[in-house]
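# Descriptive structure summary
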Amino acid sequence: MEDDLVLERLDKILSHMGMGSRKDVRALIKAGLVKINDHQVVDSGYKIDPNRDLLEVDGKIITYTRYVYFMLNKPQGYITATEDNYQKTVLDLLDPKDYRKDLFPVGRLDKDTEGLLLLTNDGHLGHMLTKPSNEVPKRYYFETLEEMTAKSLDPLLKGVDLGDFLATALEVKVLDQKKGELVIAEGKFHQVKRMCAVLGYTIIYLERTEFGPLVLDRKLPRGGYRSLKDTEIALLKASKG
Ligand code: URA
C-alpha cells in the first residue's frame, strides 16, 4: 500500500515509476545515472524512502508516484492497446511527461468507439474493474442507422442470444428515433454493436459515457485526458473487490 511504504529498493522504486523493467533500471543505476540526496548510488538494492529522499535520474529530479489514474476521452481512430506496430494506440495520446511504461487501458473500446477510458498502472484496480464476476456497469450512448420506436430496445432487458452468451442490458433508453443509451455489466467483444444488431439496428456511432462510478468529464476535449480526482479514485476503489 502506498501510504505504508517506507523503505524500498532503489531498482523497485524506479521500475514502479515506469522508468523501465528491473533490468533496465539496474543498468541505469550501474551506469551512475542515479543520485539519491545528491549522492551517486550504484547499488540497485540501496534502500530509500521514496516519499522523503530526493531522487535524481540523469540530471532530472523525479517525483515519486506509485500509481497514476487518467480519465481519457478517447477519440475514434485509436486502438485500445499499449503498443502496436501499425496503428495508433490510446497511449499515443499521452503527453511524454505523463507516459510510463507500466500504464495500460482498463477494458476495451473499439477503434471507432469514443468516450471514457481509464488508463492506470494500478494492476489490482484494473483487474477488479474488469473481472466479469464484479459486473461493473458501463453506460453507452449510441446512434443507429435505422429508426427505433419507444420500446425497440426493451428485448435487451430480457437478454438476447449472441451465440457465445446471453447478453442482457441493465438499462435501456430510446432518446430519439435514431439515438439510444444502454447500460451493460459485461464487456465482451463488440457487445453493444452485436446486441443492437440482433434487434436489426446498425450502430453508426458509439460513445462510452460512464464506467462504474466514473462519469465522462464533458470538459475534456476528444483525445484529452486528466488525472482522476482523489474522490473519483476513492469511489472506484470502493465500487468493487
Ligand atoms: N461495445 C461495442 O460494441 N464496442 C465498444 O467499443 C464497446 C462496447
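Just above, that's the structure.
Residues numbered from 1 in each chain as written. Predicted model: local features only at pLDDT ≥ 70, side-chain atom pairs only at ≥ 80, totals over all residues. Heavy atoms only, no water.

## Here's the deal with the pattern of salt bridges
What counts, and what does not: Salt bridge, as used here, is a side-chain nitrogen of Lys or Arg placed within 4 Å of a carboxyl oxygen of Asp or Glu. The cut-offs for exposure are 20% and 50% of the maximum accessible area for each residue type, with area from a 1.4 Å probe on protein chains only; residues under the lower value are buried, those over the upper are exposed, and the others partly exposed.
By the definition in use, this model includes 21 salt bridges. Between R9 and D11 there is a salt bridge, and its shortest N-O distance comes to 3.0 Å. Judged by relative accessible area, R9 falls into the partly exposed class, the value being 32%. The salt bridge partner of D217 is R226, with a shortest N-O separation of 2.7 Å. Given the relative accessible area of 17%, R226 is considered buried.

## Quick word on the site of the ligand
Put simply, the rule reads: Definition of nearness: a residue and a molecule or strand are near each other if at least one heavy atom of the residue lies within 4 Å of the molecule or strand. Under this definition, polar contacts are N or O atom pairs within 3.5 Å; protein pairs additionally need one hydrogen-donor-capable and one acceptor-capable atom, and for neighbouring residues in sequence, both atoms have to be side-chain atoms. All accessibility values rest on the Shrake-Rupley procedure with a 1.4 Å probe; residue burial counts only the protein chains present in the view. Numbering of helices and strands runs from the N terminus; a helix is a DSSP stretch of H or I covering at least four residues, while a strand is a stretch of E covering at least two.
Neighbouring the ligand are the residues L109, D110, T113, Y140, H190, Q191, V192, K193 and L206. Here a nitrogen atom of the ligand and a backbone polar atom of V192 are 3.0 Å apart. Calculation on the ligand without its partners gives an accessible area of 240 Å², and the protein chains cover 96% of this total. By residue number, the principal contributor to the shell around the ligand is helix α5 (residues 191-198), which donates three residues.

## Thoughts on the packing of helix α3 (residues 123-130) against helix α6 (residues 230-239)
Relative orientation and spacing of two packed helices are given, respectively, by the angle between their axes and the distance between those axes. Here is the rule: In this analysis an axis means a line fitted to C-alpha atoms, helices contributing only their contacting stretch, and an angle means the value between N-to-C directions, from 0 to 180 degrees. An angle below 35 degrees is read as roughly parallel, one above 145 as roughly antiparallel, one from 65 to 115 as roughly perpendicular, and any other as oblique. Put simply, a crossing is left-handed when the front helix is turned counterclockwise from the back one by less than a right angle, and right-handed when it is turned clockwise. In this description, contact between two residues means that some pair of their heavy atoms is separated by no more than 4.5 Å.
The N-to-C vectors of α3 and α6 enclose an angle of 55°; their axes lie 9 Å apart at closest approach. Taken as axis vectors, α3 and α6 run oblique relative to one another. Handedness of the crossing formed by α3 with α6: left-handed. Facing L125, M128 and L129 of α3, the residues of α6 in contact are L236, K237 and S239.

## Describing unusual backbone geometry
Look at D38: it is not a glycine, yet its phi comes out positive at around 75°. The exposure class of D38 is exposed, given its relative accessible area of 53%.

## Section: the sheet that holds strand β3 (residues 39-40)
Heads up, the rule is: The pairing criterion is simple: DSSP has to find at least two bridges between the two strands.
Strand order in the open sheet formed by four strands is β3-β2-β5-β6, and the pairing between neighbours is antiparallel. Because the sheet does not close on itself, it has two edges, and the strands there are β3 and β6 (60-62). Direction of pairing for strand β5 (residues 55-57) relative to β6: antiparallel, over a ladder of three bridges. Its bridge partner being in β6, V57 is matched across the sheet by K60.

## Some details on the environment of L170
Mapping L170 onto the fold places it in strand β13 (residues 169-176). Given a relative accessible area of 52%, L170 falls into the exposed group. When the C-alpha positions of L170 and A185 are compared, they lie 7.2 Å apart, and in sequence the two are 15 residues distant. Aside from chain neighbours lying at most four places away, what touches L170 is P137, L157, V183, I184 and A185.

## Quick notes on α3
The line we're drawing: Note that the arc is computed from the directions linking the helix axis to the C-beta atoms.
Within the span of α3, buried status applies to L125, G126, M128 and L129. Mapping the buried residues of α3 onto a view down its axis gives an arc of 165°, with all of them on the same face. Tucked inside the fold, the buried residues of α3 contact β7 (69-74), β8 (104-106), β9 (114-120), β15 (203-211) and α6. Sitting at the amino-terminal end of α3 is D122, which places a side-chain oxygen 3.3 Å from the backbone nitrogen of H124.

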